[in-house]
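Below are the chains, spelled out letter by letter.
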2 protein chains.
Amino acid sequence: MRLLITGGAGFVGARLARALLARGTLAGQRIDSLVVADQAAPSADLCADARVETRVGPLLAQCEALRREPFDGVFHLASAVSGECEADFELGLRSNLDTTRALLDALRERTQAGAAPTRLVFSSSVAVFGPDAAVPMPAVVADDTLPTPQTSYGTQKLICEVLIADYTRKGYIDGRAARLMTVTVRPGRPNAAASSFFSGIIREPLAGEEAICPVSPDVSHPVSSPQRTVDGLIAVYEASREAFVGRTALNLPALNVRVGEMLDALEAVAGKAVRSRVRFERDERIAGIVARWPQRASAARAARLGLQPEKNFEDIIRQYIADCAATPQALKGLGR
Amino acid sequence: MRLLITGGAGFVGARLARALLARGTLAGQRIDSLVVADQAAPSADLCADARVETRVGPLLAQCEALRREPFDGVFHLASAVSGECEADFELGLRSNLDTTRALLDALRERTQAGAAPTRLVFSSSVAVFGPDAAVPMPAVVADDTLPTPQTSYGTQKLICEVLIADYTRKGYIDGRAARLMTVTVRPGRPNAAASSFFSGIIREPLAGEEAICPVSPDVSHPVSSPQRTVDGLIAVYEASREAFVGRTALNLPALNVRVGEMLDALEAVAGKAVRSRVRFERDERIAGIVARWPQRASAARAARLGLQPEKNFEDIIRQYIADCAATPQALKGLGR
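Rules and cut-offs
Residues numbered from 1 in each chain as written. Chains lettered and ligands numbered in written order. Predicted model: local features only at pLDDT ≥ 70, side-chain atom pairs only at ≥ 80, totals over all residues. Helix = DSSP H or I, 4+ residues; strand = E, 2+ residues; numbered from the N terminus. Rg over C-alpha atoms; globule rule 2.2 N^0.38 Å. Buried ≥ 20, exposed ≤ 12 C-beta atoms within 10 Å, placed from the backbone. Contact = placed C-beta atoms within 7 Å. Domains from an automatic or database assignment. Nonpolar A, V, L, I, M, F, W, Y, C, P; charged D, E, K, R; others polar. Pairing = 2+ DSSP bridges. Least-squares fit on C-alpha atoms with pLDDT ≥ 70 in both. Axes fitted to C-alpha atoms, helices over the stretch in contact; angles between N-to-C directions. pLDDT = per-residue confidence, 0-100. Parallel < 35°, antiparallel > 145°, perpendicular 65-115°, else oblique. Left-handed = near helix turned anticlockwise from the far one by under 90°. Right-handed = clockwise from strand over helix to strand, strands pointing away.

What follows covers the overall build of chain A. Scanning chain A for helices and strands turns up 14 helices and 14 strands. Computed over its C-alpha atoms, the radius of gyration of chain A comes to 19 Å, within 12% of the 20 Å expected for a compact globule of 336 residues. Dimensions of chain A, computed from C-alpha atoms along their principal axes, come out at roughly 60 × 50 × 40 Å. Across the 336 residues that make up chain A, the buried fraction comes to 51%. Within chain A, residue pairs in contact and separated by at least 24 positions form 77% of the contacts whose partners lie at least 6 positions apart.

Below, the structure written as structure tokens:
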């Protein structure tokens, strides 16, 4: 089978690509070819795999070529992040809305020309939820909570969910939208996502650097490890349509955790000295965005697909530490 | 003040234009100029009013010119109807989604150039609601029911609702989306809307013609008269942002009525002979679409704006008969 991952050089995308290549099969079929499309080139290990083809450049410009390329399945992860979309409204519309529409239309044209509908998993986000004055957000956002997004990023993700449901209803694709929780701990440097600090307050102290937490330790948030997130995307791809149930997006499993608990977990795993590198310094812009995000999420439909959240945040930190085996400088704050 | 009505030559749009011209003011300001944009030319009475300017042609092509025109307020009613959108997927995307996006971006550019945000009322639809296997539709759809549209028309209306909420959040417009119930009794001929028969089973018998009802008499549906619908759009325009509450779309008031009750009302108002002109002949395509529509709707937020549904369907029929004063042939079935 031939697969496409958009955003396949990104953090979750590259991890998904590695997981698929390591499995070698998806939904019972052998993976012969994996096209990694991204604005940036994928890492060397991916490029070295004979099954991997790369497409580097803006996805919107690539959709014309994708019209002529058959794929059995697509994981559509490419996206501008929340902070970028708040700062540059047109960038968000172009990267998240116009690009998804162009991708869906490329797949629709193939179906209308006689091909079987391409299976597509879309990475939506818990950021579709937010409080509207007319519709208070529930304490726990569920699969069937009314999304009233309070960011352009969340708005665009919701629109893509709804478009994908309609393209699926029409038989143009076999689409499934899965809402990712905030994926943590991300390696590398902070990015423009407002959620970037959820990784930074763990990653920087482990690397021996100071980290600033821009929100109160009482802020609660639904998070997931990269591995569980990738497992979720694959399970959603492999689910039968009947098991997915309906066409509405589902929530991937979340560990609902407070910032203070994240730091307690950091201390438990890495010690007091590491934790002490985190300093609280409120950033009104970030705190304002995060205040409009859900504090807790549930994932009943994902549970019926066998997906479970991590049991505790210590496990998420240990996963990150294990992932850093090849980059010891990322752990130099541990003093090992 | 200067107003724009898109779809202003249509059934609801023309009635809204007449109501605004008759009032002469909106939200306490004198209406100096009313631009009626539509694919078709407006009727002679509208063209004869010195305050009316017409723009005839596809709205998408007009949006470039609209960028340079200042408006204090916009009623955005232009839309392809449900049957058309099911039959021609690209037409629906272009007419309902791309056009709204171009209109919103034209208004945004004006705001970004320093103008005050234009107030915009968008006519969404009860068709945003539908049953999804994962999310059963409640017996009564409320303002805060999760929309899971089961038609492309409903999908596009929902996407526009969500876009308008985000453009409003960003301060680019002052947007309010109001979900119209099925407006009945429409004059003229049947159209491609799957809901067309809700008017046809009243209108045709009154004109002395046979009518076919494509669904069971037990089908229940939320309807509204044209006058209450126009009243609703105006009230939503005039509401303060605080009174509108939040940015999520609201339901306009509905009379929840069964097809059998509609025909009982027809008999009560117009007699047995008129009612007997309705024949039941199931149309699977229409019945299939209607089966995925809500049976009953509530409108708590509209009620707080002082908006109420009709008390009974007889009043809706009497309103239609009164509207036909100038076109006696529309009532020749009454035998008066």
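A few words now on the domain arrangement of chain A. Domain boundaries in chain A define domain 1 (2–182 + 224–251) and domain 2 (196–221 + 255–295 + 312–334). Within the side of domain 1 of chain A that touches domain 2 of chain A, the residues separate by chemical class into 6 nonpolar, 8 polar and no charged.

Moving on: the pairing of strand β1 (residues 2–6) of chain B. Residue and element names in this part refer to chain B. Of all 5 residues making up β1, 4 are buried, and the element is well covered by its neighbours. The pairing of β1 with strand β4 (residues 33–38) spans 5 bridges and is parallel. Looking at β4, one finds that Leu-3 is bridged to Leu-34.

Attention now goes to the relation of the copies chain B and chain A. Superposition of the two copies of the chain requires a rotation about an axis together with a shift along that axis. The operation relating chain B to chain A is a screw motion whose rotation component is 180°, with 0.0 Å of axial translation and a residual RMSD of 0.0 Å. Taken together, the rotation and translation relating the two chain copies correspond to the operation of a two-fold axis. Minimal C-alpha separation from the rotation axis in chain B is found for Leu-146 of chain B, amounting to 2.4 Å.

What follows covers unusual backbone geometry. Most peptide bonds take the trans configuration, and most residues that are not glycine carry a negative phi. A cis geometry characterises the amide bond from Thr-184 of chain A onward to Val-185 of chain A, with omega recorded as 10°. Here Val-185 of chain A shows up in the loop between β9 (182–183) and α7 (196–206). Here the phi dihedral of Val-245 of chain B falls at roughly 70°; this positive angle occurs in a residue that is not glycine. Position of Val-245 of chain B among the secondary structure elements: in the loop between α9 (241–244) and β12 (250–251).

Listed by partner, the interface residues are 23 residues for chain B and 23 residues for chain A. Per-element tally for the side of chain B that touches chain A: the top contributor is helix α6 (residues 152–169) of chain B, with 7 residues. Considering only residue class, the side of chain B that touches chain A consists of 9 nonpolar, 6 polar and 8 charged.

Attention now goes to the sheet that holds strand β6 (residues 73–76) of chain B. Residues and elements named next belong to chain B. The strand order across the open sheet formed by 7 strands is β5-β4-β1-β6-β7-β8-β12, and the pairing between neighbours is parallel. Looking at strand neighbours, the two that pair on one side only are β5 (52–56) and β12, the edges of this open sheet. Two elements, β6 and strand β7 (residues 118–125), share 4 bridges in a ladder whose sense is parallel. The residue bridging His-76 from the neighbouring strand is Phe-122, located in β7. Taken strand by strand, helix α5 (residues 89–112) contacts β1, β6, β7 and β8 (173–180), and its axis lies near 165° from that of β7.

For chain A, per-residue confidence averages 95 on the pLDDT scale, and residues scoring 70 or more make up 100% of the total. Quick note on the complex model: pTM equals 0.96, ipTM equals 0.95.

Residue and element names in this part refer to chain A. Relative to each other, helix α5 (residues 89–112) and helix α6 (residues 152–169) sit at 10°, their axes nearing to 9 Å. As far as their axial angle goes, α6 and α5 are roughly parallel. Listed contacts from α6 to Phe-89, Gly-92, Leu-93, Asn-96, Leu-97, Thr-100, Arg-101, Leu-104 and Arg-108 of α5 are Ser-152, Tyr-153, Gln-156, Lys-157, Ile-159, Cys-160, Leu-163, Ile-164 and Tyr-167. Its residues assigned to classes, the contact of α5 with α6 comprises 10 nonpolar, 5 polar and 3 charged.

This part covers the sheet that holds strand β11 (residues 220–224) of chain A. All names here are of chain A. One open sheet holds the 3 strands; their spatial order is β9-β11-β13, and the pairing between them is mixed. Two strands lie at the open edges of the sheet, namely β9 and β13 (255–258), each paired on one side alone. The sheet contact formed by β11 and β13 spans 4 bridges and is antiparallel. Pairing of Ser-220 across the sheet is with Arg-258, part of β13.

The subject of this paragraph is the environment of Val-12 of chain A. Residues and elements named next belong to chain A. Mapped onto the elements, Val-12 comes out in helix α1 (residues 11–23). When the 20 C-beta atoms within 10 Å are taken as the criterion, Val-12 is described as buried. Val-12 sits 66 residues away from Ala-78 along the chain, and the two C-alpha atoms are 10.0 Å apart. With residues up to four places along the chain from it excluded, the contact list for Val-12 reads Leu-77, Val-183, Pro-226, Thr-229 and Val-230.

All names here are of chain A. The geometry of helix α10 (residues 259–270) relative to helix α14 (residues 313–323) is characterised by a closest axis approach of 9 Å and an angle of 55° between their N-to-C directions. Classified by the angle between their axes, α10 and α14 sit oblique to one another. When the axes of α10 and α14 are compared, the crossing they make is right-handed. Contacts from Glu-261, Met-262, Ala-265, Leu-266, Ala-268 and Val-269 in α10 reach Phe-313, Glu-314, Ile-317 and Arg-318 in α14.

Moving on, we get to the pairing of β8 of chain B. Residues and elements named next belong to chain B. Counting buried residues in β8 gives 8 out of 8 residues, a clear majority hidden from the surface. Relative to β8, β7 runs parallel, the two being bridged by 8 bridges. Bridged to Thr-118 within β8 is Ile-173. With α6 bridging β7 and its parallel neighbour β8, the resulting β-α-β unit is right-handed. Sheet topology places β8 next to β12; 2 bridges connect them, and they run parallel. Within β12, the residue paired with Arg-179 across the bridge is Asn-251.

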